[in-house]
Amino acid sequence: MLIASTQTNEVILGEKINFMVGPHFLTNLKEVQEKYDYIRILINSAIITFVGTALSTFVTTLAGYVMAKYRFKGSRLIFNLVMVSRMIPSFATLIPTFYILSKFGLTNTFTGVIIPSMASTTSVFMMRQYAKKFPNELMEASRIDGASEWTIFLKIAVPVLTPSIITTALLTFMGYWNSYLIPLIVLSDSKKFTVPLIIQNMTQNNYDPLNYGSLMAILATSVIPIVLLYMFLQSKFKSNGLDSAIK
C-alpha cells in the first residue's frame with residue numbers, strides 16, 4: 001500500500017507487481033487535496049475521533065465500574081439490557097438512530113456522529129469485567145478514611161485500572177477513526193466528511209477515472225495515526241497489578 005501510493009496507474013495495474021518506490025507520492029496527495037480538501041477531512045476525522053474517544057472512555061469506564069461494584073434497584077436489569085443490546089446488529093439500528101438524531105437537530109453535525117457510539121455496550125462490558133477484579137478492600141478502606149465515592153473512583157480505581165482503560169480507549173479510537181456507517185447517514189455536507197467517506201467517494205466516482213496511487217496514499221496516511229498511537233501506548237499495555245493493589 002505504501003509503495004503503491006508512490007506509483008502511477010500504469011505501474012500499479014501493470015502485468016507484474018512492482019516493488020520499486022516511485023516519485024509520485026506528493027503528486028498523488030496533491031490530487032486528493034485539490035479534489036477533496038484532504039487536510040480538512042483529516043481534521044474532521046481527528047476532531048470526531050479524539051472527542052468521541054475521550055467522552056466514550058469516561059462514560060464506559062464509569063458505567064462498567066458502577067455495574068461491577070454497586071448493587072441498586074434495577075442494576076441487574078440494566079446489565080441484562082446491555083448484554084442483549086450487544087446481540088443486535090449495528091446496521092439494524094441505523095434508521096432509528098437517524099430518526100432520533102434528526103428529531104434533536106443533530107444531523108450533519110459532528111455531535112451526531114459522536115453520540116451513537118459514545119456508550120458502546122462492548123466497552124461497558126469490557127470495563128465491567130476489568131472492574132470486577134478491583135479489590136473491594138481498597139474501597140472499604142477509603143470509605144473508612146472518609147473518601148467520597150467520586151474520590152474512590154477518580155483517585156484509586158482509575159489509576160489501578162489505567163492499563164484496562166487504555167486498552168478500551170484504543171479500541172474506541174480505532175472504532176471512531178474507521179467509522180463508516182454512522183458518518184454516512186448523519187453527514188451530508190462534504191466539508192464535514194471523514195476519511196472513510198472520502199475513500200468511498202473515490203471508489204464510486206463515475207466521472208473521473210480512479211487514481212489508484214491517490215487512493216493508496218489516502219489509505220496509507222489514514223493508517224499512520226493508528227500505528228503511531230499504538231506505538232506510543234505500547235508500553236502502557238501491562239498487567240493491572242490488581243493482586244498487589246491491596247498490599
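Residues numbered from 1 in each chain as written. Predicted model: local features only at pLDDT ≥ 70, side-chain atom pairs only at ≥ 80, totals over all residues. Heavy atoms only, no water.

The protein goes by ABC transmembrane type-1 domain-containing protein in an unreviewed UniProt entry, where it is assigned to Enterococcus ratti. What UniProt states about the protein under its Subcellular location (unreviewed entry) heading is, verbatim, "Cell membrane". In its Sequence similarities (unreviewed entry) section, the UniProt entry covering the protein states "Belongs to the binding-protein-dependent transport system permease family." (UniProt positions renumbered as here; feature names shortened; annotations may be inferred.)

Now for empty space enclosed by the protein. For the structure shown, the criterion picks out two cavities of 30 Å³ or more. What lines the largest cavity is Glu31, Val32, Lys35, Tyr36, Met202, Asn205, Asp208, Pro209, Leu210, Asn211 and Ser214. No other element matches the four residues that helix H2 (residues 25-36) contributes to the lining of the largest cavity. By residue class, the composition of the lining of the largest cavity is five nonpolar, three polar and three charged. (1 Å grid on protein atoms, 1.4 Å probe; cavity = no way out; pocket = protein on both sides within 12 Å on 5 of 7 lines; lining within 4 Å. Points joined across faces, edges and corners; volume = space filled by probe spheres on them. Helix = DSSP H or I, 4+ residues; strand = E, 2+ residues; numbered from the N terminus. Nonpolar A, V, L, I, M, F, W, Y, C, P; charged D, E, K, R; others polar.)

All right, on to the layout of surface pockets then. In this model, the largest pocket occupies a volume close to 870 Å³. Lining of the largest pocket is provided by 26 residues; of these, Ser90, Pro116, Ser117, Ser120 and Thr121 occupy positions nearest its centre. Here the residues of the lining of the largest pocket sort into 11 nonpolar, 14 polar and one charged. Of the pockets and cavities examined, the second largest pocket occupies roughly 150 Å³. Taken together, Phe50, Thr53, Ala54, Thr57, Ile166, Ala169, Leu170, Phe173, Leu229 and Leu233 make up the lining of the second largest pocket. Here the lining of the second largest pocket is composed, by residue class, of eight nonpolar, two polar and no charged.

Residues Tyr38, Ile198 and Ile218 are the most contacted members of the largest nonpolar core, which totals 23 residues. Element by element, the count of residues in this core is highest for helix H12 (residues 195-203), at five residues. Sequence-distant contacts of isoleucine 198, defined by excluding residues within four places in its chain, comprise Tyr36, Ile41, Phe193 and Ile218. With 13 residues, the next largest nonpolar core counts Ala131, Leu138, Ala157 and Leu161 among its residues. (Core = buried A, V, L, I, M, F, W, Y, C linked by side-chain atoms within 4.5 Å. Buried < 20%, exposed > 50% of the residue type's maximum accessible area, 1.4 Å probe, protein only. Contact = heavy atoms within 4.5 Å.)

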